Amino acid sequence: MRGSFPNNITASIVLIILFSFNANADDCEKGHRVKQVIDLGQMIILEDNSIWEIDNIDNASTEHWLPGAKIIECEDKLINTDTGESAKAEEEEAVEKDEKKEKVQEKAEDQGRFIFH
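Note that the structure is predicted; figures quoted are calculated from it, not measured.

Cut-offs and rules
- Residues numbered from 1 in each chain as written.
- Predicted model: local features only at pLDDT ≥ 70, side-chain atom pairs only at ≥ 80, totals over all residues.
- Heavy atoms only, no water.
- 1 Å grid on protein atoms, 1.4 Å probe; cavity = no way out; pocket = protein on both sides within 12 Å on 5 of 7 lines; lining within 4 Å.
- Points joined across faces, edges and corners; volume = space filled by probe spheres on them.
- Helix = DSSP H or I, 4+ residues; strand = E, 2+ residues; numbered from the N terminus.
- Nonpolar A, V, L, I, M, F, W, Y, C, P; charged D, E, K, R; others polar.
- Pairing = 2+ DSSP bridges.
- Axes fitted to C-alpha atoms, helices over the stretch in contact; angles between N-to-C directions.
- Disulfide = S-S within 2.5 Å.
- Buried < 20%, exposed > 50% of the residue type's maximum accessible area, 1.4 Å probe, protein only.

1. Brief notes about the layout of surface pockets
Of the pockets and cavities examined, the largest pocket occupies roughly 210 Å³. Considering the residues around the largest pocket, the lining is formed by 13 residues, among which Gln42, Glu53, Ile54, Asp55 and Asn56 are closest to the centre. Taken together, the elements giving at least two residues each to the lining of the largest pocket come down to strand S3 (51-54), strand S6 (85-91) and helix H3 (94-110). Partitioned by chemical class, the residues of the lining of the largest pocket number three nonpolar, two polar and eight charged.

2. Structural notes on the sheet that holds strand S4 (residues 70-74)
As a general point, the strands of a sheet are linked pairwise by backbone hydrogen bonds and lie either parallel or antiparallel. Read around the closed barrel, the six strands follow the order S1-S2-S3-S6-S5-S4; overall the barrel is antiparallel. Pairs of neighbouring strands in the sheet enclose a mean axial angle of 45 degrees, with direction left out of account. Relative to S6, S3 is paired through three bridges, and the arrangement is antiparallel. Counted as the bridge partner of Ile54 is Ala89 from S6.

3. Notes on the state of the cysteines
Tallied over the entire structure, the rule returns one disulfide. Two residues share a disulfide in this structure: Cys28 and Cys74, whose sulfurs sit 2.0 Å from each other. Judged by the sign of its S-S torsion, about 115 degrees, the cystine formed by Cys28 and Cys74 is right-handed. Pair noted here: Cys28 is in strand S1 (residues 28-38) and Cys74 is in strand S4, with a separation of 46 residues, a long-range link. Cys74 matches Cys28 in its accessibility class, with the two residues each being buried.

As structure tokens, this is what we get:
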């Protein structure tokens, strides 16, 4: 494996770059985990039941994020520290959350999945 970095070193470098250029560390919230990925990465639900709508350009990476993956929330980004990937994201407002939760539950039921609260 000449010339390639191990994944953990690569992920660390990515995180350092992201924090250096895109976010003030004070604006970031650590300790989150992916609870569920919906609609091929268009929505991410975190363990605190917050619902995040992902920018279309980042769906290709977020659709592969696994439940339990460690997430740092920084302003308008979610950073998956397990993979080093980041996605531009917007948290749903409280009024929209209820509507989204209903849609998520319907989609999960249609797909034969169940969501536990």
